[in-house]
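# Remarks on the overall topology
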Amino acid sequence: TNTSIMATAFSCDKSTAPAEFIANLATYAVENCPVSWSVGAKAAEMVGRDSYFQGSTPLDTWVGYLVVVGFGALFSVFTTIVVYLDKTFAGNASMTSEHFNTAGRMVKTGLTASVIVSQWTWAATLLQSSNVAWQYGVSGPFWYASGATIQVLLFGVLAISLKDIAPSAHTMCEIVRARWGKSAHLTFLFFAFCANIIVTSMLLLGGAATVEALTGMKYELAAFLIPWGVILYTSTGGLKATFMASYLHTMIIFAVLITMITLVYIKVYSSDQIYSFLDNTVSYSPEQCMAIYSTEGTVETSFFYSGDKTVLGQTEGTAQYACGPVSGNAQGSYLTMLSGDGLMFGIINIVGNFGTVFVDQSYWQSAIAARPASAAKGYLLGGICWFAIPFSLATSLGLASTALMLPISRGEAGSGLVPPAVADNLLGSAGAVLVLIMLFMAIVSTGSAESIAVSSLVAYDIYREYINPEATGKQILWVSRVTIVVFGVFMGLFAIALNAMGLNLGWVYLFMGIVIGSAVIPLWNMMTWDKASGKGAIIAAWGGFALALIAWFVGASVESGSVSVATLGSNPVMLSGNLVAILSSGFIHYVYSKFIDPQEYDFSTLDANIHLVEQDTAGLTEDILDKDEIRRSKRWIVRRGYLLTFVLIIVWPILSIPAQVFTESYFAFWVLVSIAWGFGAAIVITFLPLFESQDEIGKVCSGMFNFVMCKKVEGEEFAEEEPAEPVKEPEAEVEADAGESA
């Protein structure tokens, strides 16, 4: 019971560790042993371990193959059947290239929100968020969640702007080409591909590492096989299949999330217990931590520090486990928002994630697929619901890892193994299976979105633009499907190469803003500022990228005296590169557009330069693209998006400052917010799409019933629509002269 746990968790006696080990600890005045030695499914095995998994796995290898291969096949069959039923019984269009890449441009609010949650839930969302909780305490989950939510909220402004000025677009680079010409198009095509490759790399790095740690499946094999679960159903059903599968993925992720929250704070422990355990964790001195994390309970046999060295009680090296006061936190506590390193991570997170939303074609594609009335609301609702995943999950599993003082090494935490370790400790094999399934859902949902995004860029911005301007719908569809297969295979091999270079999930996560951050502000200006210069955008994107790399390398050299993977990965160095990327780019583009090459662009002419391949006007009719409704939606998202952004990154942190180190009651309230947010988001994201689609679901169900009962339906109610005839595209426009700006 909870009472007995409280009574015995801190006692150091022979029941928690070998007698000789306890006797040695006593010489360092260690009276309170880690909680993990007293409770949990693997308590007896925690003493003297230098890592949690230690090369052993809680699950058999066949479980890894079952999840990686079996679930991929299952979702392929499921989505294929659902898409077929939707076409056959709900009267939706057959598969044209337009439908494959835009899902008919008629997706409603609930499904849009569900898709945003799904494609924004990376492996890093589940794994890295708990890693920063392990490192910084309560500030880590908050800064991860808020620092990656505001981009989705603000992208809602671009989503509704797209419906206003470029409703016929298939990709963001098409819009760049239509407004700024070929040179800018090639520039932002480079950054778009970088965004897709970096995001997919993080999916596979975190996913393959976790699959290997939990099942023993070879890392290289897992990294290569995981993409195939995405390839199969994405290449078959296109964007609509991706959306339908994403809804199911999101439901499963939230189901596991709620299970973990309930276990940590309701069933096994309580907020008061976790609070006491965290206080105990930071109460140890360095010598006590060394004695606890040792083979015999002595400083001499310790593995607590890397490059362990002790001189007259003074230790040198990097602590490898969560024990003792937290450097940079108020009073060394995990229970405070006053964390220097936590704030630094938050800034890196904010800057880097602007790149992975604004430069990632998958988010533009979701905006393209949504109804105009649903675009703004879907992004706002999706951002609010997504906040619960890193915030609630890491507040439970991430903090529990430090509270229980599990022997999770810094290397394991950096590879994203905190959630599986805690789940395994609490539930044994069942916990490991739940985390593995949750992780696989995140990988395939985001992976499918990235695959369809890359296929659209290749089909429309390379093949149609530069190879075959007269491409038909069938040719576009063929190129899209081939690209999905090639990209999946390439990313599997690329993830293997990154791992061989010694790059893990945490390193790549901090690095992404340096590469793609310089493209953010020019893209925002493209959609919202009539004076934005195309030449200025090119100079800003490449200039910001170059300056970011220089700042990154110089920062590593100044801080550590050398440049290596390790020195380049420190928080201050990554922060300098991320900030220079986005700020220098914005400054360059503003100055160039304002004072050197100001434009007077007429946004009403933009959509005329974007052409459909087939005359599929679904979602493009005048009654749907109502200008008054779009203007109202834009005002709606601007007010709420800016307000929520201000609350999440300014108001909430400021209100937490007076608390300093949380009291027991304050922490209980913090936990209550995380639980309520998690349950509320799960309810909304599960039932709203079903409620909005009840007519379509009813049609499919009645159609299936009539088919099974051999009943004829008058008027061929469920007949498929004929695909539209392809239309001849106008010849590619000649590039404007240097003196003429698009």
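Residues numbered from 1 in each chain as written. Predicted model: local features only at pLDDT ≥ 70, side-chain atom pairs only at ≥ 80, totals over all residues. Heavy atoms only, no water.

## Let's talk about the overall build of the protein
Test applied: Secondary structure elements are defined from DSSP: runs of H or I of at least 4 residues count as helices, runs of E of at least 2 residues count as strands, and each element is numbered from the N terminus. Think of it in three bands: with a 1.4 Å probe and only protein chains considered, a residue is buried below 20% of the maximum accessible area for its type, exposed above 50%, and partly exposed in between. Here, Shrake-Rupley sampling with a 1.4 Å probe gives the accessible areas, and only protein chains in the shown set may cover a residue.
In terms of helices and strands, the protein carries 27 helices and 2 strands. The proportion of buried residues among the 742 residues of the protein is 60%. Carbon and sulfur atoms provide 64% of the accessible area of the protein, an area that totals close to 27,000 Å².

## A closer look at the side chain of T395
Counted only if it meets this: Any N or O atom pair separated by 3.5 Å or less is treated as a polar contact, with the protein-specific requirement of one donor-capable and one acceptor-capable atom, and with residues adjacent in sequence counted only for side-chain atom pairs. Any two residues whose heavy atoms approach within 4.5 Å at even a single point are treated as in contact.
Position of T395 among the secondary structure elements: in helix 15 (residues 372–403). You can call T395 buried: its relative accessible area is 1%. Engagement of the side chain of T395 in a polar contact is seen with the backbone oxygen of F391, the distance being 2.5 Å. Dropping the residues within four chain positions of it, T395 is found in contact with P141, Y265, P390, W670 and S674.

## Regarding the nonpolar core
Rule in force here: Nonpolar core, defined: a set of buried Ala, Val, Leu, Ile, Met, Phe, Trp, Tyr and Cys residues in which side-chain atoms within 4.5 Å join the residues together.
In this structure, L25, W122, I175 and F667 are the most contacted members of the largest nonpolar core, which totals 230 residues. It is helix 9 (residues 182–215) that contributes the most residues to this core, 19 residues altogether. When neighbours within four sequence positions are excluded, I175 is seen to be in contact with L162, A166, A169, W364, M526, M527, L606 and I610.

## Considerations on the pattern of salt bridges
Inclusion rule: Salt bridge criterion: a side-chain nitrogen from Lys or Arg within 4 Å of a carboxyl oxygen from Asp or Glu.
Scanning the model with the defined rule gives 4 salt bridges in all. Among the ionic pairs, R177 bridges to E465, the shortest N-O distance being 3.1 Å. With R177 in helix 8 (residues 172–180) and E465 in helix 18 (residues 429–467), this pair connects stretches of sequence that are 288 residues apart. E465 gets classed as partly exposed once you look at its relative accessible area, which sits at 22%.

## Focus: the side chain of N525
On the secondary structure map, N525 appears in helix 21 (residues 520–528). Setting aside chain neighbours within four positions, we find N525 in contact with R179, A532 and H589.

## Examining the packing of aromatic side chains
The test is simple: Aromatic rings from Phe, Tyr and Trp, taking only the six-membered ring of Trp, are treated as a pair when their centres fall within 6.5 Å; an angle between ring planes under 30 degrees marks them as stacked, one over 60 as edge-to-face, and anything in between as tilted. Two limits define a charge over a ring: the Lys NZ or Arg CZ must be within 6 Å of the ring centre, and within 35 degrees of the ring normal.
According to the stated counting rule, one finds 46 aromatic pairs in the structure shown. When the centroid spacing of 5.4 Å and the interplanar angle of 85° are considered together, the rings of F155 and W364 count as edge-to-face. Placement of the pair is F155 in helix 7 (residues 139–165) and W364 in helix 14 (residues 361–369), with a sequence separation of 209 residues. The two residues F155 and W364 agree in class, both being buried. Put simply, the rings of F142, W143, F387, F391, W652, F662, Y666, W670 and W677 touch in pairs and so form one group of aromatic residues. For R49, the ring lying beneath its charged end belongs to Y52, and the centroid distance is 5.3 Å.

## A closer look at the environment of S146
Within the secondary structure, S146 is located in helix 7. Taking relative accessible area as the criterion, S146 reaches 0% and is therefore assigned buried. For the pair S146 and W652, spaced 506 residues apart in sequence, the C-alpha separation works out to 9.6 Å. If near-sequence neighbours (up to four positions away) are discounted, S146 is found in contact with F387, L648 and I649.

## What to know about the packing of helix 15 against helix 26 (residues 664–692)
This is how it is decided: Under this scheme, a helix contributes an axis fitted over its contacting stretch, all axes are lines through C-alpha atoms, and angles between N-to-C directions fall in the 0 to 180 degree range. By the definition adopted for this analysis, an angle is roughly parallel if under 35 degrees, roughly antiparallel if over 145, roughly perpendicular if from 65 to 115, and oblique otherwise. Should the near helix be turned counterclockwise from the far one by less than a right angle, the crossing is left-handed, whereas a clockwise turn marks it as right-handed. In this classification, the charged set is Asp, Glu, Lys and Arg, the nonpolar set is Ala, Val, Leu, Ile, Met, Phe, Trp, Tyr, Cys and Pro, and all remaining amino acids, among them Gly, are polar.
Axis separation between helix 15 and helix 26 bottoms out at 8 Å; the angle between their running directions is 135°. Overall, the two elements helix 15 and helix 26 adopt an arrangement that is oblique. Note on packing geometry: the crossing formed by helix 15 with helix 26 is left-handed. Note on element contacts: helix 26 touches helix 15 through F667, W670, V673, S674, W677, G678, A681, V684, I685 and L688, opposite L381, I384, C385, F387, A388, F391, S392, T395 and L399. Looking at the contact of helix 15 with helix 26 residue by residue, the class counts come to 15 nonpolar, 4 polar and no charged.

## Thoughts on a nonpolar patch on the surface
Worth spelling out the cut-off: To count toward a patch, a residue needs a relative accessible area above 30% and no salt bridge. Like charges then connect within 9 Å, nonpolar side chains (Val, Leu, Ile, Met, Phe, Trp, Tyr) within 5 Å.
A cluster of nonpolar residues, L643, F646, V647, I650, I654 and I657, forms a patch on the protein surface that exposes about 510 Å² of accessible area. Along the polypeptide, I654 turns up in helix 25 (residues 627–656).

## Points about helix 15
The line we're drawing: A helix is expected to span 1.5 Å for every residue after the first. What is called the bend at a residue is the angle between a pair of axes, fitted to the seven residues leading up to and ending at it and to the seven starting from it.
In this model, helix 15 (32 residues) spans 47 Å end to end at C-alpha, consistent with the 46 Å of a helix rising 1.5 Å per residue. The sharpest bend along helix 15 comes to roughly 40°, located at A394. Counting buried residues in helix 15 gives 28 out of 32 residues, a clear majority hidden from the surface. Among the residues trailing helix 15, M405 stands out with phi positive, at a value near 55°.

## Some thoughts on the confidence of the model for the protein
Let me state the cut-off plainly: Each residue carries a pLDDT score, the predictor's own confidence in it, on a scale running from 0 to 100.
On average, the protein scores 82 in pLDDT, and the residues at 70 or more come to 86%. Taking the mean pLDDT of every element in the protein, the minimum, 41, falls on helix 1 (residues 2–8) and the maximum, 93, on helix 21. Segment residues 308–315 is flagged for pLDDT under 50; beyond a separation of four residues in sequence, or across chains, it makes 15 contacts in the model. Long-range and interchain partners of residues 714–742, a stretch whose pLDDT sits below 50, account for 54 contacts in this model, where long-range means more than four residues apart.

## Some details on the environment of L205
Structurally, L205 can be placed in helix 9. Residue classification places L205 among the buried positions, given a relative accessible area of 4%.

## Examining the state of the cysteines
The line we're drawing: We call a pair of cysteine sulfur atoms a disulfide when they lie within 2.5 Å.
A complete count under the given rule lists 1 disulfide for this structure. Across the disulfide, C289 is cross-linked to C323 (sulfur-sulfur distance 2.1 Å). Note on the C289 and C323 pair: the S-S dihedral is about -90°, so by sign convention the disulfide is left-handed. Taken together, the positions of C289 in helix 12 (residues 286–292) and C323 in the loop between strand 2 (314–319) and helix 13 (340–358) put the pair 34 residues apart, joining distant regions of the chain. Take C289: its relative accessible area is 1%, and that puts it in the buried class.

## Some words on a positive patch on the surface
Put simply, the test is: Charged-residue counts in this description rest on Lys and Arg as positive and Asp and Glu as negative, His and the chain ends being excluded. Working definition for charges: the position is that of NZ of Lys, CZ of Arg, CG of Asp or CD of Glu.
A cluster of like positive charges, contributed by K377, R632, R635, R639 and R640, occupies part of the molecular surface. Relative to the assigned elements, R639 resides in helix 25. Accessibility expressed as a relative area gives 57% for R639, which makes it exposed.

## So, the packing of helix 25 against helix 26
For the pair helix 25 and helix 26, the least separation of the axes is 13 Å and the interaxial angle reads 150°. When the interaxial angle is binned, helix 25 and helix 26 end up roughly antiparallel. Judged by residue contacts, W652, L655 and S656 of helix 25 engage Y666, W670, V673 and W677 from helix 26. Here the residues of the contact of helix 25 with helix 26 are counted per class, giving 6 nonpolar, 1 polar and no charged.

## Focus: unusual backbone geometry
The backbone of Q331 sits at a positive phi, close to 55°, despite the residue not being glycine. The exposure class of Q331 is exposed, given its relative accessible area of 71%.

## A few points about the environment of M344
By the element assignment, M344 lies in helix 13. A C-alpha to C-alpha distance of 9.6 Å links M344 and M574, two positions 230 residues apart in sequence. Beyond its immediate stretch of four places on either side in the chain, M344 contacts N571, P572 and L575.

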